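Listed below, chain by chain, are the residues.
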Amino acid sequence: MTRIAIFASGSGSNAERITTYFADKESVIIEMFLSNNPTAGVIERGRRLGIPTVLFDKKTFSKTNKIVDLLQNQQIGLVILAGFLWLIPENLVKAFPNKIINIHPALLPKYGGKGMWGHFVHEAVVEAGEKESGITIHFVNEHYDEGKVIFQAKCGLVSTDTPADVARKVQALEHIHFPEVLEKIIATI
Ligand code: GAR
């Protein structure tokens, strides 16, 4: 049995996709959502899906061990970042070595790093005239978007694509691949 905690700062569409994907799989439990953002869509999704959602502030997250204690007390085996925007502090990385996985909406190492999230990524991709973008699923370390890459998928772009068009193409890839890649990782735990 693998217990999963999903961190999300925004809409939470990936958190929902992952939850519904594993709903009928007995070896995986989506134990909780966690968010730094009291107005995030993920909170309403958690309510609707019946997933307990924990809110925390920056100090609790970065300067205390409370979140690590919570995850360990709930026997969490895998931590997923699905649109979570804060840097993961060292105590959390150390408590879950190779057990924290992030999805990034671009083909890392391009368009990663601090401040590169959501629409900022897609704007930069369009600005650079890229012919393709995609998703990167990777292990998390103490640096933004630098952990070992697990999986990438690409989508083609055309010159008329707006950042919103790129976002749609990338999110479609996320919803298809993220749960399946997670399932493969869980099988190795
Ligand atoms: C996703 O596209 C994810 O790749 C991105 O935030 C979006 C969250 O969407 N993550 C980052 O930009 C992290 N640097 P969602 O809330 O609908 O799942």
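These figures come from a predicted structure and were not determined experimentally.

A. Focus on the overall build of the protein. Tallying secondary structure elements over the protein gives seven helices and seven strands in all. Along the protein, helices (α) and strands (β) appear in the sequence β-α-β-α-β-α-α-β-α-β-α-β-β-α when read from the amino end. Against the 2.2 N^0.38 benchmark of 16 Å for 189 residues, the protein shows a C-alpha radius of gyration of 16 Å, consistent with a compact globule. Projecting the C-alpha coordinates of the protein onto the three principal axes gives extents of approximately 50 × 35 × 30 Å. Considering only contacts in the protein between residues 6 or more positions apart, those separated by 24 or more positions represent 67%. Carbon and sulfur atoms provide 54% of the accessible area of the protein, an area that totals close to 9400 Å². Across the protein, the mean location of the 20 positive side-chain charges is 2 Å away from that of the 20 negative side-chain charges.

B. Geometry of the site of the ligand. The environment of the ligand is formed by 14 residues, the closest being G12, S13, N14, G118 and E174. Against a free-state accessible area of 460 Å², the protein chains account for coverage of 89% of the ligand. At the level of secondary structure, the elements contributing two or more residues to the shell around the ligand comprise α1 (13–22), β5 (100–104) and α7 (163–187). When its residues are assigned to classes, the shell around the ligand shows four nonpolar, nine polar and one charged.

C. Up close: the pattern of salt bridges. As enumerated under the stated definition, the model contains 10 salt bridges in all. Among the ionic pairs, E16 bridges to R48, the shortest N-O distance being 3.1 Å. Pair noted here: E16 is in helix α1 and R48 is in helix α2 (residues 41–49), with a separation of 32 residues, a long-range link. Across the pair K94 and E90 runs a salt bridge, and its minimum N-O distance is 2.4 Å. Pair noted here: K94 and E90 are both in helix α5 (residues 90–95), with a separation of four residues, about one helical turn. Classification of E90 as partly exposed rests on a relative accessible area of 47%. Ionic contacts of the salt-bridge type, sharing partners, join the residues E16, R45 and R48 into one network.

D. Highlighting the packing of helix α6 (residues 118–127) against α7. Packing of α6 against α7 leaves a shortest axis separation of 8 Å and a crossing angle of 115 degrees. Handedness of the α6/α7 crossing: right-handed. Counted together, H122, E123 and V126 of α6 and P163, V166, A167 and V170 of α7 form the full contact between these two elements. Partitioning the contact of α6 with α7 into residue classes produces five nonpolar, one polar and one charged.

E. Geometry of the pairing of β5. Counting buried positions along β5 gives five out of five residues, so the element sits mostly inside the fold. The alternating pattern of β5 places I100, N102 and H104 on one face and I101 and I103 on the opposite face, and all of these are buried. Bridge count for strand β4 (residues 78–81) against β5 is three bridges, and the pairing is parallel. By the bridge assignment, I80 is partnered in β5 with I101. This β-α-β element, β4 to α5 to β5, shows right-handed connectivity. The pairing of β5 with strand β6 (residues 132–139) spans four bridges and is antiparallel. Among the inter-strand pairings, N102 is bridged to a residue of β6, identified as H138.

F. Highlighting the packing of α1 against α2. It is at 9 Å that the axes of α1 and α2 come closest, and there the two elements cross at 20 degrees. In terms of their interaxial angle, α1 and α2 are classed as roughly parallel. Helix-helix and strand crossings are classified by hand; for α1 and α2 the assignment is right-handed. Each of S13, A15, E16, T19 and T20 in α1 lies in contact with α2, whose residues at this interface are V42, R45, R48 and L49. Residues belonging to the contact of α1 with α2 are distributed by class as follows: three nonpolar, three polar and three charged.

Analysis parameters
- Residues numbered from 1 in each chain as written.
- Predicted model: local features only at pLDDT ≥ 70, side-chain atom pairs only at ≥ 80, totals over all residues.
- Heavy atoms only, no water.
- Helix = DSSP H or I, 4+ residues; strand = E, 2+ residues; numbered from the N terminus.
- Rg over C-alpha atoms; globule rule 2.2 N^0.38 Å.
- Contact = heavy atoms within 4.5 Å.
- Areas by Shrake-Rupley, 256 points an atom, 1.4 Å probe, with all protein chains shown as cover.
- Lys, Arg positive; Asp, Glu negative; His and termini not counted.
- Charge placed at Lys NZ, Arg CZ, Asp CG, Glu CD.
- Near = heavy atom within 4 Å.
- Nonpolar A, V, L, I, M, F, W, Y, C, P; charged D, E, K, R; others polar.
- Salt bridge = Lys/Arg side-chain N within 4 Å of Asp/Glu carboxyl O.
- Buried < 20%, exposed > 50% of the residue type's maximum accessible area, 1.4 Å probe, protein only.
- Axes fitted to C-alpha atoms, helices over the stretch in contact; angles between N-to-C directions.
- Left-handed = near helix turned anticlockwise from the far one by under 90°.
- Pairing = 2+ DSSP bridges.
- Right-handed = clockwise from strand over helix to strand, strands pointing away.
- Parallel < 35°, antiparallel > 145°, perpendicular 65-115°, else oblique.

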